[in-house]
Amino acid sequence: MRYISTRGQAPALNFEDVVLTGLATDGGLYVPETIPQFSAEEIASWAGLSYTEIAYKVMHAFIGDEIPADTLKAMIEDTYSTFKHDAVTPLKQLDSNHYLLELFHGPTLAFKDVALQMLGRLLDHFLGKRNEHAVIMGATSGDTGSAAIEGCKPCEHVDIFILHPYNRVSEVQRRQMTTVLADNVFNIAVEGNFDDCQAIVKASFNNQGFLGGNTRLVAVNSINWARIMAQIVYYFVSAVAVGAPHRKVSFSVPSANFGDIFAGYMAYKMGLPVNQFVVATNANDILHRVISKNDFSKQPLLHTLSPSMDIVVSSNFERLLFDLYDNDGAAVEDLLNRFNNEPVQIEQTRWDNARKLFDSLSVDDATTIDVIKEAFERTGELLDPHTATGYRAAEVCNRDQSVPMITLATAHPAKFEDAVIKAGFAQGAPLPPHMADLLEREERYTVLPADAAAIQQYVVENKR
Ligand SMILES: *Cc1c(COP(=O)(O)O)cnc(C)c1O
């Protein structure tokens, strides 16, 4: 399988190089040159298969013979054995035709584990084969950092350094990172804010020479193709469970960078019969504006009760644009260059095509709180605030009540106490049993000044 850049200028790469590279040299994102196809008969034959069996079929289609079958199967088994539910991503029925797909049974209680557990193992496999070593650096205000740390914990060839703003991350979020006491995990509490952390990581990527030798610096953002690939799996698994391919299925997805829902779109392009994709956003509504009224423009960042969806630009939307523009990298590049400076519109016929499949809704904080209350009264399920946006959007945007609607539950409610308490659950939601002692566990982190040179020196001194 070859991968090409959405901006059309970078060299095509194989899967291994795409995993190790991240962003293409022309600034684009990698996508498969041709999209693997599954027939209706094949998808039908997956009924009754386990999560990991379907995962192998989907991932093999993207990896081909770059990883031997037995190795890939073992890697997938190992990855999803870290999930605390035998179904990996169980599906719960909410009413006659509305389902909740629980993606939060991984080590950090949010859906990013599905992809980052796999990405860590893929990186380790390819680096080991090449006898290379990688350092991962990332800045986090919470969520992605802990999922990346848990994903890299088992890696022999990867060290991970995650920067968070000192004293400005919630205790649960911090402890999910700092209580991982592995030799290759380094938490740095930066005496500054999140922007300082991000600036230091960016400066380090612009000056990779500081690492020396055959160590490469790798990023942990959602542009890595392997993350999308791993997320495609649960669209097939859940759709087959409610009757696909004999019937169509719809999905509602709490969205920010558009990585999760783009994985659903890939499943559709691969042959899954999908009636509708509903994009749910919080008040940071760039995706809602472009889908509902073809207004693709930046707005200032807002801090909401669903912080993992607080974004200005949705980086993975570029992958959808590339498909809407029939793989015309130059057209995508032109559109995105203009977008950097001014509001832009997608060409009318192309936007119309997207609208055949996509609807959207922006859900503000007050509504999110109401939805958490209401969903609990009607179904007994306590939703986290991200999932609540998806639940509301699924109800408001549903085009056909006879089609099963699957709302993706992207986080466990215990992770986002603020919203749950505001919805009237004074105790918050309890952490699941395997995390119940989180507040008693030993922590390890280093406090450093907001100074790139000091932090780079720390990385060099501590990497293996
Ligand atoms: C990252 C995240 C999202 C958004 O996913 P995207 O792939 O960025 O669209 C939604 N909910 C939670 C809990 C997340 O952590």
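Residues numbered from 1 in each chain as written. Predicted model: local features only at pLDDT ≥ 70, side-chain atom pairs only at ≥ 80, totals over all residues. Heavy atoms only, no water.

Which entries qualify depends on this criterion: UniProt positions are given in the numbering used here, feature names are shortened, and annotations may be inferred rather than shown by experiment.
In the nomenclature of an unreviewed UniProt entry, the chain is known as Threonine synthase of Oceanospirillum multiglobuliferum. Under the Pathway (unreviewed entry) heading, UniProt states for the chain: "Amino-acid biosynthesis; L-threonine biosynthesis; L-threonine from L-aspartate: step 5/5." What UniProt records for the chain under Cofactor (unreviewed entry) is the sentence "pyridoxal 5'-phosphate".

1. Topic: the overall build of the chain
Counted only if it meets this: Secondary structure elements follow DSSP: runs of H or I of four or more residues count as helices, runs of E of two or more count as strands, with numbering from the N terminus. We compute the radius of gyration from the C-alpha atoms alone; for a globule the expected value is 2.2 Å times N to the 0.38, where N is the number of residues. When accessible area is computed with a 1.4 Å probe and restricted to protein chains, residues below 20% of their type maximum are described as buried, those above 50% as exposed, and intermediate ones as partly exposed. When checking whether two residues touch, look at their non-hydrogen atoms; a contact exists if any pair is within 4.5 Å. Note on areas: Shrake-Rupley, 1.4 Å probe, and residue coverage restricted to the protein chains presented here. Charge counting follows a simple rule: Lys and Arg are positive, Asp and Glu are negative, and His as well as the terminal groups are ignored. To locate a charge, take atom NZ for lysine, CZ for arginine, CG for aspartate or CD for glutamate.
When helices and strands are counted, the chain shows 18 helices and 14 strands. Rg of the C-alpha trace for the chain: 21 Å, near the compact-globule value of 23 Å for 464 residues, within the 12% margin. Once the C-alpha set of the chain is aligned to its principal axes, its extents read approximately 60 × 55 × 50 Å. Put simply, the chain has 464 residues, and 59% of those count as buried. Expressed as a percentage of contacts within the chain between residues at least 6 apart in sequence, the contacts between residues at least 24 apart total 75%. Summed over all atoms, the accessible surface of the chain reaches about 17800 Å², with 47% contributed by carbon and sulfur. Seen as two clouds, the 38 positive and the 58 negative side-chain charges of the chain have centres 2 Å apart.

2. Examining helix H4 (residues 69-80)
Quick reminder of the rule: Helices are assigned an expected span. That span is 1.5 Å times one less than the residue count. Directions drawn from the helix axis to the C-beta atoms are what define this arc.
For H4, with 12 residues, the first-to-last C-alpha span of 17 Å sits near the 16 Å given by 1.5 Å per residue. Looking only at H4, the buried set comprises Leu72, Met75, Ile76, Thr79 and Tyr80. Along the long axis of H4, the arc covered by the buried residues comes to 115°, so they all point the same way. Each element contacted by the buried residues of H4 is listed here: helix H3 (51-63), helix H5 (112-130) and helix H9 (225-241).

3. Points about the environment of Pro385
Along the chain, the position of Pro385 falls in helix H16 (residues 385-397). The class of Pro385 is buried, set by a relative accessible area of 0%. Sequence separation between Pro385 and Ala419 is 34 residues; the distance between their C-alpha atoms is 6.2 Å. When sequence neighbours within four positions are dropped, the list of residues in contact with Pro385 reads Leu305, Ser306, Thr368, Ile372, Phe416 and Ala419.

4. Regarding the side chain of Asp124
The condition that has to hold: Identification of polar contacts relies on pairs of N or O atoms within 3.5 Å, with a donor-acceptor requirement for protein atoms, meaning one able to donate a hydrogen and the other able to accept it, and with residues adjacent in sequence counted only if both atoms are side-chain atoms.
Here Asp124 shows up in helix H5. Looking at Asp124, its side chain comes within polar contact range of the main-chain nitrogen of Glu156, at 2.9 Å. Within the local environment of Asp124, its side chain forms a polar contact with the backbone nitrogen of His157, the two atoms lying 2.7 Å apart. Beyond its immediate sequence surroundings of up to four residues, Asp124 is in contact with Pro154, Cys155, Glu156, His157 and Val158.

5. A look at the pairing of strand E5 (residues 98-102)
Applicable threshold: Note: two strands are recorded as paired if DSSP finds a minimum of 2 bridges between them.
Summarising burial for E5: five of the five residues are buried, a large majority. Neither face of E5 is left uncovered, since the one carrying His98, Leu100 and Glu102 and the one carrying Tyr99 and Leu101 both have all their residues buried. With four bridges connecting them, strand E4 (residues 91-95) and E5 associate as antiparallel partners. Paired with Lys92 across the bridge in E5 is Leu100. Between the antiparallel neighbours E4 and E5 lie two residues. Summarising the sheet, E5 and strand E13 (residues 405-409) pair through five bridges and their orientation is parallel. Opposite His98, over in E13, you have Met405 as the bridge partner.

6. Describing the pairing of strand E8 (residues 185-191)
Operational definition: Clockwise travel from the first strand over the helix to the second, with the strands pointing away from the viewer, marks a crossover as right-handed.
Taken across its seven residues, E8 has six buried, putting it largely inside the fold. Here strand E7 (residues 158-165) runs beside E8; their pairing, made up of six bridges, is parallel. Within E8, the residue paired with Phe161 across the bridge is Phe186. Between the parallel pair E7 and E8, the chain is carried across by helix H7 (residues 171-178), and the sense of this crossover is right-handed.

7. Description of the nonpolar core
Heads up, the rule is: The term nonpolar core refers to a set of buried residues drawn from Ala, Val, Leu, Ile, Met, Phe, Trp, Tyr and Cys, joined through side-chain atoms within 4.5 Å.
Judged by nonpolar contacts, the single largest core of 115 residues is most densely connected at Trp225, Phe236, Phe251 and Phe358. With residues up to four places along the chain from it excluded, the contact list for Phe251 reads Tyr235, Ser238, Ala239, Leu272, Val274, Gln276, Phe277, Val278, Met405, Ile406 and Leu408. Judged by nonpolar contacts, the second largest core, of 17 residues, contains Leu163, Ile200, Leu211 and Leu448.

8. Remarks on the sheet that holds strand E12 (residues 358-362)
Strand-to-strand pairing in sheets goes through backbone hydrogen bonds, with the strands running parallel or antiparallel. Threshold: Interaxial angles span 0 to 180 degrees and are taken between N-to-C directions of axes, which are lines fitted to C-alpha atoms, for helices over the stretch in contact.
The sheet built from six strands is open, its strands ordered E4-E5-E13-E10-E11-E12 with mixed pairing. Each having just a single partner strand, E4 and E12 make up the two edges of the open sheet. Strand-to-strand twist across the sheet, computed as the mean angle between neighbouring axes with direction ignored, equals 25°. Here strand E11 (residues 274-281) pairs with E12 via five bridges, running parallel. Considered in E12, the bridge of Val279 is made with Ser360. Running at roughly 170° to E11, helix H10 (residues 259-269) makes contact with strand E10 (249-254), E11, E12 and E13 of the sheet.

9. Let's talk about unusual backbone geometry
For the bond running from Ala244 to Pro245, omega is 5°, close enough to zero to count as cis. Here Pro245 is to be found in the loop between H9 and E10. Not every positive phi belongs to a glycine, and Asn294 is a case in point at roughly 55°. Among the structural elements, Asn294 can be located in the loop between helix H11 (286-293) and helix H12 (317-324). Taking relative accessible area as the criterion, Asn294 reaches 3% and is therefore assigned buried.

10. Some words on the pattern of salt bridges
Here is the rule: The working definition used for a salt bridge is a side-chain nitrogen of Lys or Arg within 4 Å of a carboxyl oxygen of Asp or Glu.
Within this structure, the stated rule accounts for 28 salt bridges. When the shortest N-O distance is used, the salt bridge between Glu443 and Arg174 registers 2.8 Å. Residue Glu443 is located in the loop between helix H17 (417-422) and strand E14 (446-449), and its partner Arg174 is located in helix H7; the two are separated by 269 residues in the primary sequence. The shortest N-O distance in the salt bridge between Glu347 and Arg350 comes to 3.1 Å. Residue Glu347 is classed as partly exposed on the basis of its relative accessible area of 41%. Ionic contacts of the salt-bridge type, sharing partners, join the residues Glu16, Asp17, Lys129, Arg130, Glu132 and Arg216 into one network.

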